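Descriptive analysis of the structure
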Amino acid sequence: MTGSAPQEPKYWPLKRYFEVYDRSLRDPEGFWAEEARKLDWFRTWDKVLDWSPPFARWFVGGELNACHLCVDRHIKTWRKSKVAIYWEGEPGDTRVLSYSTLYREVNRCASVLKNLGVGKGDTVALYLPMIPELPIFMLACGRIGATHTVVFSGFSPRALADRINDIGAKLLVTADGGFRRGTPMPLKNMADEALELTPGVEKTVVVNRAGIAVNMRRGRDFWYHHLLEDAEASVSVEPVESTHPLYILYTSGTTGKPKGIVHSTGGYLVFNYSTYQWVFDIKEESVYWCTADVGWVTGHSSIVYAPLAHGAAIVMYEGAPDYPTLDRWWDIIEKYGVTTFYTSPTAIRMFMAHGEEWPARRDLSSLELLGTVGEPINPEAWLWYYRHIGGERCPIVDTWWQTETGGTMISHAPGIELLPLKPGSAGFPLPGIDAAVVDESGQPAKAGEKGLLIIRKPWPGMLLTIHGNPERYQEAYWKRFPGAYYTGDYAVKDEEGYFWLLGRADEVIKVAGHRLGTLELENAAISHPAVAESAAVSKPDPVKGDTIVMFVILKEGFEASPALTKEIVGQIRKMVGPIATPERIFFVGKLPKTRSGKIMRRVLKAVASEVPIGDVSTLEDGASVDEVRAAYEALEEEV
Ligand code: PRX
């Protein structure tokens, strides 16, 4: 952070955004129908919205196809020779796919899928690194009406198996490996472990990326490049009904089991098409780079579907941000002339900690617009980003949304009109989004007062349901404030109407922007034979936003030791994945609980974060707080 005063971003007179927003809320169906007409439909909808709360079906009766929208329609225009994907592998190898090449690859991939017996209504699991085959398989699924479920390649075999089983996928697509910090991640070997637990998977397709040795089981495992030898050059597009599930993506909630969030085709694409334009003000000549992994919703919407639907040129990078040196990302921006750059606050804070000399080595003058997503951004990081990446010239769009919302809900909308920016605030609800901050009883909170964020009207990008569990969908999002969608986030709306997002109000932890449920972590810890009980809480972290701290009660006969800590950490990594690695494990004899037996996470959080504990009058046993605190202090002394 440099010492000089922040330079004010440049504004221009404000009016247009409010006009568009007001109109969108006065007539949401008319507004969204107008937006939907910007897409290609094979059949126009009969009804804009079928709303039987809390289930929304948008553009009912309309037929379209995601792959047609993202690929086919461009190759009928001059965009056929436009770059679709600039791909950069971590070792420095590159691939450039024009829209024509993408069309060819997607068709051949769709043919491979068809030859394997995949068709409309089937679900395909994708466990792939950040290589072009990931979007290619997603689009190919869409082309033939199959639904995909992408599992982030950093998830453990166990997490992969749970998702495959929940969804009932018969086909798994993976790769031999993908590069991360110079070494290939052995994805196929990890998939093999998962396959031991997934009797329903009949076939796997393996992409040859890293050239590492793998076991191929005869009759089950097939190399993608071998299957391509028999592929047809063209496969016709399968029009699907607007509410046909385009994909299912798992995310964490407040129970131990991740939720399969089901997204539609029509509503999801309309919402993303519009919001992408509003937020990123994308132009034909833009070169857009979103640094997320395609395995998260940001990757689905903001790397694949929204940019490609617009015929944008995107950058996709396989590896670690700081490999081989800390200017890798800035090098990529310079190399491809990136104009529009979208990343996470954690990444910004990480680079900030290493100093501005790294971005200063590269020419970042191509940049026009910056974005952030996934967690709150602190004003200090915002200003660093504004100065050292954006050269005090590029507006920053802070975008608030969730896996469930499908696309951005709150942000600035320079594509409509750039309102004055406030570092740390996400801005305003986008058109069509009736967002409000309310108190516990559902009454609007006063300006400047902390409350809970809700959405009071359905929007086209909203999830259809939770896969196989409509009751949980209803319970998790619509029960707390009847008639409104509960986001699970704290927020403040200030006097000028700006929204400030303040983190999760429920038992979800955001580590470096990745979403993890406390129960998921606790179940993973308990699966270790020495653990009787455990509690996971978040602790603020200057770079990652939050880290995980766990409190563990051991079973009789086990003793706390560094070796056991290592084993339990290993068990959690094995069950969930490396992103779930706890920063600390504390061994305690008791956990602070309310008289009704609920763990008082607030108390644990306060102990772990070294802040005052507050009121503990509902606590069952005051001694447990002292013990938790003593365990914490003992460990602090050790270090
Ligand atoms: O707490 C909010 C936080 O991320 C949660 C959603 O996580 P996920 O489903 O993984 O999707 C992340 C990427 C879209 C939200 O409930 N969050 C997301 N964006 C922001 C944010 N918190 C503050 N500011 C944001 N811009």
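Residues numbered from 1 in each chain as written. Predicted model: local features only at pLDDT ≥ 70, side-chain atom pairs only at ≥ 80, totals over all residues. Heavy atoms only, no water.

1. As for the packing of helix α1 (residues 16–26) against helix α2 (residues 28–36)
Note the following rule: All axes are obtained by fitting lines to C-alpha atoms, using only the stretch in contact for helices, and the reported angles, taken between N-to-C directions, cover 0 to 180 degrees. Under the DSSP-based scheme used, a helix requires at least four consecutive residues in state H or I and a strand at least two consecutive residues in state E, with every element numbered from the N terminus. Here the angle decides the label: under 35 degrees means roughly parallel, over 145 means roughly antiparallel, 65 to 115 means roughly perpendicular, and every other value means oblique. Here, residues are in contact when the closest pair of their heavy atoms is within 4.5 Å. All residues other than Ala, Val, Leu, Ile, Met, Phe, Trp, Tyr, Cys, Pro, Asp, Glu, Lys and Arg, Gly among them, are scored as polar; the first ten of these are nonpolar and the last four charged.
Their axes nearest at 5 Å, the elements α1 and α2 cross at an angle of 115°. Between α1 and α2, the interaxial angle falls into the category roughly perpendicular. When α1 is examined against α2, the residues V20, R23, S24, L25 and R26 are found in contact with a partner set consisting of P28, F31 and E34. Residues of the contact of α1 with α2, tallied by class, amount to four nonpolar, one polar and three charged.

2. So, the sheet that holds strand β30 (residues 531–541)
Put simply, the rule reads: A pair of strands is labelled paired if DSSP reports no fewer than 2 bridges between them.
With mixed pairing, three strands are arranged side by side in an open sheet as β30-β31-β32. The open sheet has two free edges, formed respectively by β30 and β32 (584–587), since each of these has just one partner strand. The sheet shows a mean angle of 25° between the axes of neighbouring strands, taken without regard to direction. The sheet contact formed by β30 and strand β31 (residues 545–554) spans ten bridges and is antiparallel. Across the sheet, A536 pairs through a bridge with M550, a residue of β31. Along the sheet, helix α17 (residues 562–575) contacts β30, β31 and β32; its crossing angle with β32, the most-contacted strand, is approximately 125°.

3. Quick notes on the pairing of strand β1 (residues 47–52)
As paired strands, β1 and strand β2 (residues 55–60) are joined by five bridges and run antiparallel to one another. Bridge assignment links D50 to a residue of β2, and that residue is R57. What sits between β1 and β2 in their antiparallel hairpin is a turn of two residues.

4. Looking at the pattern of salt bridges
For clarity, the cut-off: The rule for a salt bridge is simple: a side-chain nitrogen of Lys or Arg has to be within 4 Å of a carboxyl oxygen of Asp or Glu. The buried label goes to any residue with under 20% of its type's maximum accessible area, the exposed label to any with over 50%, and the partly exposed label to all in between, with areas taken from a 1.4 Å probe on protein chains only.
Tallying each qualifying case throughout the model produces 41 salt bridges. One salt bridge in this structure joins D93 and R209, with 2.7 Å as the shortest N-O distance. With D93 in the loop between β4 (83–88) and β5 (94–98) and R209 in the loop between β11 (203–207) and β12 (221–223), this pair connects stretches of sequence that are 116 residues apart. Between E533 and K593 there is a salt bridge; the shortest N-O distance is 2.7 Å. Of the two residues, E533 is situated in strand β30 and K593 in the loop between β32 and α18 (601–609); the sequence distance between them amounts to 60 residues. Taking the relative accessible area as the measure of exposure, E533 reaches 24% and is therefore partly exposed. One salt-bridge network, held together by shared partners, links K188, D192, R220 and D221.

5. Here we look at the nonpolar core
One broad trend across soluble globular proteins is that nonpolar side chains are buried collectively. Note the threshold: Working definition of a nonpolar core: buried Ala, Val, Leu, Ile, Met, Phe, Trp, Tyr and Cys residues. They are joined through side-chain atoms within 4.5 Å.
Of all hydrophobic cores here, the largest spans 113 residues; its most connected members are L102, F137, L139 and Y305. When residues in this core are grouped by element, the largest group, nine residues, is from helix α9 (residues 266–280). Ignoring anything within four residues of it in the chain, the contact list for Y305 reads A66, C70, M138, L139, H148, L246, Y247, Y268, L269 and H300. The next biggest cluster of nonpolar side chains, apart from the first, holds 46 residues, and it includes A159, A161, I167 and V511.

6. Observations concerning the environment of A413
Note on placement: A413 falls in the loop between β21 (410–411) and β22 (428–429). Sequence-wise, A413 and W329 are 84 residues apart; in three dimensions their C-alpha atoms are separated by 25 Å. Contact partners of A413, with chain neighbours within four places excluded, come to W278, V279, L418 and L430.

7. Brief notes about the site of the ligand
Here is the rule we go by: Put simply, a residue is near a molecule or strand once any heavy atom of it comes within 4 Å of that molecule or strand. N or O atoms within 3.5 Å of each other form a polar contact, as long as, within protein, one can give a hydrogen and the other can take it, and as long as residues adjacent in sequence are counted only when both atoms are side-chain atoms. To be clear on the numbers: accessible area is Shrake-Rupley with a 1.4 Å probe, and residue cover counts the displayed protein chains and nothing else.
Near the ligand lie 17 residues; those nearest to it are D398, T403, D489, R504 and R515. D489 is positioned such that a nitrogen or oxygen atom in its side chain is 2.7 Å from an oxygen atom of the ligand. R515 has a polar side-chain atom sitting 2.6 Å from an oxygen atom of the ligand. If the ligand stood free it would expose 550 Å²; the protein chains cover 96% of that surface. Secondary structure elements with two or more residues in the shell around the ligand: α10 (297–309), β20 (396–399) and β27 (499–504). Here the shell around the ligand is composed, by residue class, of six nonpolar, five polar and six charged.

8. Focus: the domain arrangement of the protein chain
Heads up, the condition is: As annotated, the domain borders come from an automatic or database domain assignment. Note: buried area is the sum, over both parts, of the accessible area (probe 1.4 Å) each one loses when the two are combined.
In terms of domain boundaries, the protein chain breaks down into domain 1 (16–55 + 247–503), domain 2 (67–80 + 92–238) and domain 3 (507–638). Computed over C-alpha atoms, the centres of domain 1 and domain 3 are 31 Å apart. The interface of domain 1 with domain 3 comprises 17 residues on the first partner and 17 residues on the second. When domain 1 packs against domain 3, the two sides together hide about 1300 Å² of surface, and 51% of this comes from carbon and sulfur. Where domain 1 packs against domain 3, one counts one salt bridge. Inspection of the domain 1/domain 3 interface yields eight residue pairs in polar contact (both at pLDDT 80 or more). Tallying contributions element by element places helix α12 (residues 345–354) first for the side of domain 1 that touches domain 3, with three residues. In terms of residue class, the side of domain 1 that touches domain 3 is made up of three nonpolar, ten polar and four charged.

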